[in-house]
Amino acid sequence: MQAGNWFIGVDVGGTFTDLYAFNRDEGTVALHKTSSTPQNPAEAIINGLRELAAKSNVPLDAMASLAHGTTVATNALIQRRGAKVAVVTTRNFRDLVEIGRQIRPKLYDLKADYPMPLAPREMRFEVSERIGPQGEIIEPLDMASVDAVIEQLRDSGTEACAIAFLFSYLNPVHEQAVKARIQQALPDIAISASSDVQPEFREYERTSTTLLNAYLQPAFSRYMSTLKDAVAEMSPTAHVGINQSNGGLMSIDKARDYPIRTALSGPAAGTIGAIHMARQSGKPDIITFDMGGTSADVALIRNCETSLAFDRDVAGFPVRMPMVDINTVGAGGGSIAWFDRDGLIKVGPISAGAVPGPACYGRGGTEPTVTDANVVLGRLSGHGLLGGAMSLDEDAARRAVGKVADRLGFTIERAAKGILDIVSANMVRAIRAISIERGHDPRDFVLMPFGGAGPLHADGCARALGITQIIVPYSPGILCAQGLLVADQSESFVRSQRLALDAASAPVLAGLVSELHGEALAWWQSEAIREDNRALKLAVDMRYASQNYELQVAVDAELADPALPDTATLKQLFFAAHEQAYGFYNPDDPVDVVAVRLTALGQLPSPGTPPLQDGASDSPKPRTTRKVWFEQPEAVDTPVYDRASFAPGARVEGPAVIDQFDATTLVFPGDVATVDEALNIIIDRARTA
Amino acid sequence: MTREAIDPITIEIVASAFRSVVDETFIALMKSAYSTNIKERHDHSTAICDQDGRLIVQADMSLPIHIASMTGLMKSILAKYPPSEIEEGDVFVANDPHVAGGTHLPDINYAAPLFLEGQLMGFVCNIAHHADIGGMAPGSMAGGMSEIYQEGLRIPVVKLFRKGQIQQDIMDIMLLNARIPDERRGDHFAQIAACRLGVRRVLEIGQRYSLSTIRSVFDELVERTRARMRAAIAEVPDGIYEFDDVMDDDGLGTVDIPIRLKVTVTGDRAIFDWTGSAPQVRGNINVPINATQAAVAYALRALLDPEIANNQGIIDCCEIVSEKGSIVDCIAPAPVAARANTSQRLIDIIIGAFSRAIPERAVGASNGANTTAVFSGIDPRNGKPYLYFETLGGGFGGRNDRDGKDGVQVHITNTSNLPIEAIETEYPLRVVSYGFIQDSGGAGRYRGGGGLRRVIEPVGHECIFNGAGERFANAPWGIFGGQPGRPGRFALADGSGETQLEVKPSGVDVAPGHRIVVETPGSGGYGDPAERSDEALDNDRISQKYSKDYLARHYPGIAKRAAQPPR
């Protein structure tokens, strides 16, 4: 590791591949953007690295770490560009994955259906075998039926194959035997077994996750192989990590086997970046709010940790795996304000997108958007976005918002403020869902807005939620890329097994923890993670014996010898969690453990604080003033500052506007903004109502 | 009382806050409940009503028939208790369809009053289908019951909590009268907690908005929805549209029970006249008028404006004419447990009537049932009684631009299936097979969706099976030339073969090694089969959802088409 001092984050999107390089020793930052290459996304990464090296004098052989976030898997699912895929199931159950949960996505819409499975019925094959609810073998695996399926797989020309049997999460032996047999007979096809991908209860969700994984495997595998070879050649000492949905990094080899784990990794990186900033500012409890052009992602961070969620939809299919608990709402800068048939006004989820974009972009958009409302109110400067590289057409914004104003009989400014209030209300609902509805009082948290549009809307959300402090990170627009650089390597291990929570179960639980610990040790070894960089987290999923939704309870664990507390203590922890989540608990009812989870971490050295810019001062002067509408019907003459001119200790009283390359921060009248040592802006809100 | 004028932006923001509350209570109830029917199958609903009992907001996943029960409960509370007797901390509970606005006994209705500025502002409500409410058959849903007294415990509107104090006597009565009381207690607690949560959240909203603002917002929401629905009705060509169909069987010997509808559309009003439908029957497929209203409200929304907000404004547009004591407007002591089957039929009939007026929005008859299967017995693993209740989806009818959907819940119900891994872990039962039934969706330009077959056997003990089926005798019809779908059936399989059971079987003993076969109905196709595309027919064949024989019989041109060289 000492060979290099450059840390590089690469974010591959559908259109562009972004590179963010940070020199740990010198604090130097270099940015580069290049066109993505959807056929083999690794090409763009390699090209981008070479271009970055040439342009910014980043010696690639001095790269210590390459952290890679990718939307390739997500896009392949949305656009249905994966492999020809088959699934092998327990006999009599090939339709399970098409029946799903037998529900319709919209109760009142006679034409809305969930999508058909990626493996159509003729690509779903059955073998004779059956495992029972204790993991016992009810019907042994019939190898002749497996061989018959292998012939069908061969004839079908399939490129990938998922294997998903009932109760395989309790006993994987049949799935593994079938996997080995297929692998031997058909070495060129990719195989995913549900007992490897996500060995957990609920056959439909497990099968769906496994099928998506298999569908992505062939293309992802080529992509990862190209990347691995190229990086090995260019930067032999670099550690390569692929960002996954739980916010940690995995190795290239893991990513090749489990591409589905990258499917929700983009927003996860943002929360990891946010945690890094929050830690530097000494704020352990924050609610993050990442607002871009079409949507906003919100997450809750408590004690510098995100909580995990397990069930999400990706491209219309359910996926179950550990992922950062993020709530997404269709509210972004491009969200359009429109009147419904009952005359009520809505904002989003329809978005003007990048083309035509908000009316003020001057690309032919005429519908009023959130960005237009911000321009009308002077909150966004007509001189534009991206440090002035893109100017905004104030007249077009006023014309667009004027349509709303005319219909309501309001002034244009009042209509614009109404649009922003509605978008705030939408975001507040999303934040409530991850805070109040999980038993957390948002008033105990600091709000951290990021993304291009986040800092403009922070005050509205904070006000509605009673949050008194806002922290705007140093670079709100590239927090996701920064998150890639500060993420740990991580791997989650789970034992899904239902046990009564009583003293008799203690030895079984201890055995599970010891098995998980053994797997973690093997993983640390295989990833060559030094002992002083290792960390682990232990958690138990519990519920009342009669419930079906478990609550995850984290327990403290020693790195060297992780162990659970006694079962009475676990029960008390569960009661506390139930009280927090639902407002009550039943002390006399039996409690079950349903899973034990261990997350092994490998901590990577993390970058320090960014350097000060020339001319930065702790008493910055405004660049100009402009009229801005805040809460009152009249505009206020408001000083406009450059963020680059702020040094630690700078203090600005609202009203103020703070512009930077990719974001604009508002300080409302009466509020006070200060800059901390990590160059984050802390806004203390004077008004609580 | 005078209302303040209120702008659309404020309406949207305040409504958004109330929508948050009903969504939150919906999820809290689902996650903390004990019975699989709520926690996995989501057979529950949450809503907020105003002080006059008008429905204001409901959780998105709420079920139409539940909402009808809630508004029924509202009327009953307001009729029974003068304003002075509705106090903070009260919690009302009820389930009876004849005296408390319910639609069948297993749906237990809760409501807690909301007070703001010292005045009654409304109620938070939730309703959940308990897996048992007592009565003569486990699961309280079996066929063969001839009076509501046999269907379980009848609860009129009572206060389970008075000013925050639980009336333990009432809880004790409810628990003593249900099978598996521990599970019931857990579900009651979850419902009570959801009420309290809702009250707390609404009071928080009350700190930000005045009572007068909130009342104005409620009025606007209802009035705007009503106007919007009226406008949608106005787009339907004026005329008289009639349709009729029959129910298979009431479970007590009455078969082919006719239901008739005449819809008169004039301008922005539609009158639903059910005169001429059969008198109420002895068996438990009768429909209380509230549930008939729910069917009409569902159909109006689904046919005319699926995105409209669900509140009192829609209910106000449901103009219904019915004969008291008929199957669509039954009176005490009519049994009603399986009323959802009839409700599904009412919706098919409404869609059939409207198909002439708005053909592009109509669909073929769907599985028209709420196929119910209840297994009970003593779990040999622990000696405790168990009860497993489930309703299964079937075919969804063909549509004007796409095939119907195979194996899905239709119309007024959208409850999930229970995972096989959950069934086998919780109950001493084994699922032997689960899949689509070949040739079960009716042929058509766009074919109907197919039915589901599920086979279950008891493990290591003898269990009892109760069920309720519909469209087991009278097939779901197609429209505009589409063919009917395959009817469903129940059967008992022993080593030697399958014995077909009644449409509404009750108390069937299932020995170890024997199996219950549940086959749900398919659905009708849309349009002339001769117009079905070659590609779709190829898919029918390759997927094996249809046999070659069926395709040859129902698509006579297919042999000729196949003989032509590929294009």
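The coordinates are above.
Residues numbered from 1 in each chain as written. Chains lettered and ligands numbered in written order. Predicted model: local features only at pLDDT ≥ 70, side-chain atom pairs only at ≥ 80, totals over all residues.

Caption draft 1: Molecular detail of the overall build of chain B. Tallying secondary structure elements over chain B gives 13 helices and 20 strands in all. Here the C-alpha radius of gyration of chain B, 24 Å, is about what a compact globule of 567 residues would show, namely 24 Å. Projected onto its principal axes, the C-alpha positions of chain B cover 80 × 60 × 40 Å. Evaluated residue by residue, chain B yields a buried proportion of 62% over its 567 residues. Across chain B, the fraction of contacts at a sequence separation of at least 24, relative to all contacts at a separation of at least 6, is 75%. (Helix = DSSP H or I, 4+ residues; strand = E, 2+ residues; numbered from the N terminus. Rg over C-alpha atoms; globule rule 2.2 N^0.38 Å. Buried ≥ 20, exposed ≤ 12 C-beta atoms within 10 Å, placed from the backbone. Contact = placed C-beta atoms within 7 Å.)

Caption draft 2: View of the overall build of chain A. What chain A contains, in helices and strands, is 16 helices and 33 strands. Taken over the C-alpha atoms alone, chain A extends approximately 80 × 60 × 55 Å along its principal axes.

Caption draft 3: Structural view of the packing of helix α3 (residues 64-80) of chain B against helix α7 (residues 289-304) of chain B. Residue and element names in this part refer to chain B. Where α3 meets α7, the axes come as close as 8 Å, and the angle between the chain directions of the two elements is 130 degrees. Taken as axis vectors, α3 and α7 run oblique relative to one another. Crossing angle aside, the handedness with which α3 passes α7 is right-handed. When α3 is examined against α7, the residues Pro64, Ile65, Ile67, Ala68, Ser69 and Gly72 are found in contact with a partner set consisting of Asn290, Ala291, Gln293, Ala294, Ala297 and Tyr298. (Axes fitted to C-alpha atoms, helices over the stretch in contact; angles between N-to-C directions. Parallel < 35°, antiparallel > 145°, perpendicular 65-115°, else oblique. Left-handed = near helix turned anticlockwise from the far one by under 90°.)

Caption draft 4: Structural context of the interface of chain B and chain A. Contacts between the two partners involve 56 residues from chain B, matched on the other side by 54 residues from chain A. For the side of chain B that touches chain A, the elements supplying multiple residues, two or more each, are α1 (8-32), α2 (36-39), α5 (181-208), α6 (211-234), α7, α10 (420-426) and β14 (429-436) of chain B. When residues of the side of chain B that touches chain A are assigned to their parent elements, the largest contribution, 11 residues, is made by α1 of chain B. Per-class residue counts for the side of chain B that touches chain A are 22 nonpolar, 17 polar and 17 charged. (Nonpolar A, V, L, I, M, F, W, Y, C, P; charged D, E, K, R; others polar.)

Caption draft 5: The arrangement of helix α7 (residues 203-234) of chain A in detail. Compared with the 46 Å implied by 1.5 Å per residue over 32 residues, the 44 Å span of α7 of chain A between its first and last C-alpha is a close match. Considering bend angle alone, the principal kink of α7 of chain A is centred on glutamine 217 of chain A and spans about 50 degrees; proline proline 218 of chain A follows within four residues of it. (Expected span 1.5 Å × (residues − 1). Bend = angle between axes of the 7 residues up to and from the residue.)

Caption draft 6: The arrangement of the nonpolar core in detail. Counting 373 residues, the largest nonpolar core has Val85, Cys161, Ile419, Met427 and Leu447 of chain A together with Ile350 of chain B as its most contacted members. For isoleucine 419 of chain A, the residues in contact, after removing those within four places along its chain, are Ala337, Val347, Pro368, Val370, Ala373 and Val404 of chain A. Leu537, Tyr546, Leu551 and Tyr555 of chain B belong to the second largest nonpolar core, which has six residues in total. (Core = buried A, V, L, I, M, F, W, Y, C linked by C-beta atoms within 7 Å.)

Caption draft 7: The arrangement of the packing of helix α9 (residues 265-280) of chain A against helix α14 (residues 479-486) of chain A in detail. Residue and element names in this part refer to chain A. Their axes nearest at 7 Å, the elements α9 and α14 cross at an angle of 75 degrees. Taken together, α9 and α14 sit at an angle that is classed as roughly perpendicular. Note on element contacts: α14 touches α9 through Leu479, Cys480, Gln482, Gly483, Leu484 and Val486, opposite Gly266, Ala269, Gly270, Ile272, Gly273, Ala274 and His276. Among the residues making up the contact of α9 with α14, the classes are represented as seven nonpolar, six polar and no charged.

Caption draft 8: Molecular detail of the sheet that holds strand β1 (residues 44-50) of chain B. Residues and elements named next belong to chain B. Read across the open sheet, the seven strands follow the order β2-β1-β5-β4-β3-β6-β7; overall the sheet is antiparallel. Here the strands that pair on one side only, and so sit at the sheet edges, are β2 (55-58) and β7 (165-166). The sheet contact formed by strand β4 (residues 107-116) and strand β5 (residues 119-129) spans 10 bridges and is antiparallel. In the strand pairing of β5, phenylalanine 115 is matched with leucine 120. On top of the sheet, α3 reaches β1, β2, β3 (91-94), β4 and β5; it is set at about 55 degrees to β4, its chief contact. Running over the sheet, α6 touches β1, β2, β4 and β5 and is turned about 55 degrees from β5. (Pairing = 2+ DSSP bridges.)

Caption draft 9: Main features of the sheet that holds strand β8 (residues 239-249) of chain B. Residues and elements named next belong to chain B. The strand order β8-β9-β10-β11 describes an open sheet built from four strands, whose pairing is mixed. Each end of this open sheet is capped by a strand with a single partner; those strands are β8 and β11 (319-321). Direction aside, the axes of adjacent strands within the sheet are offset by 20 degrees on average. Bridge count between β8 and strand β9 (residues 255-266): 10 bridges; the pairing is antiparallel. Within the sheet, the bridge partner assigned to glycine 239 lies in β9 and is valine 265.

Caption draft 10: Representation of unusual backbone geometry in the model. Residues and elements named next belong to chain A. Between glycine 348 and the following residue, proline 349, the backbone shows a cis peptide bond with an omega angle of -5 degrees. Tracing the chain through its elements places proline 349 in strand β20 (residues 345-351). Residues glycine 654 and proline 655 are joined by a peptide bond in cis, for which omega reads 5 degrees. Positive phi values are uncommon outside glycine, yet leucine 679 reaches one of about 70 degrees.

Caption draft 11: Representation of the pairing of β3 of chain B within the structure. Residue and element names in this part refer to chain B. Alternating residues of β3 divide into Val91 and Val93 and Phe92 and Ala94, and every residue in both groups is buried. The pairing of β3 with strand β6 (residues 158-162) spans three bridges and is antiparallel. Bridging across to β6, valine 93 finds its partner in valine 158. Bridge count between β3 and β4: three bridges; the pairing is antiparallel. Of the residues in β4, the one forming a bridge with alanine 94 is asparagine 109.

Caption draft 12: Geometry of the environment of proline 590 of chain A. Residues and elements named next belong to chain A. Inspection of the secondary structure assignment puts proline 590 in the loop between α16 (567-582) and β26 (591-602). For the pair formed by proline 590 and alanine 500, sequence separation is 90 residues and the distance between their alpha carbons is 7.3 Å. Dropping the residues within four chain positions of it, proline 590 is found in contact with Ala500 and Ala545.

Caption draft 13: Layout of the environment of isoleucine 349 of chain B. All names here are of chain B. Here isoleucine 349 shows up in helix α9 (residues 339-354). Taking the C-alpha atoms as reference points, isoleucine 349 and glycine 118, 231 residues apart in sequence, are found 47 Å from one another. Non-local contacts of isoleucine 349, meaning those with residues more than four positions away in its chain, are made with Phe243, Asp244, Asp245, Ile259 and Leu261.

Caption draft 14: Spatial organisation of the environment of leucine 264 of chain A. Residue and element names in this part refer to chain A. Note that leucine 264 resides in the loop between α8 (252-257) and α9. Sequence separation between leucine 264 and methionine 323 is 59 residues; the distance between their C-alpha atoms is 7.3 Å. In this structure leucine 264 touches Ser245, Arg312, Val314 and Met323, once residues within four positions along its chain are discounted.

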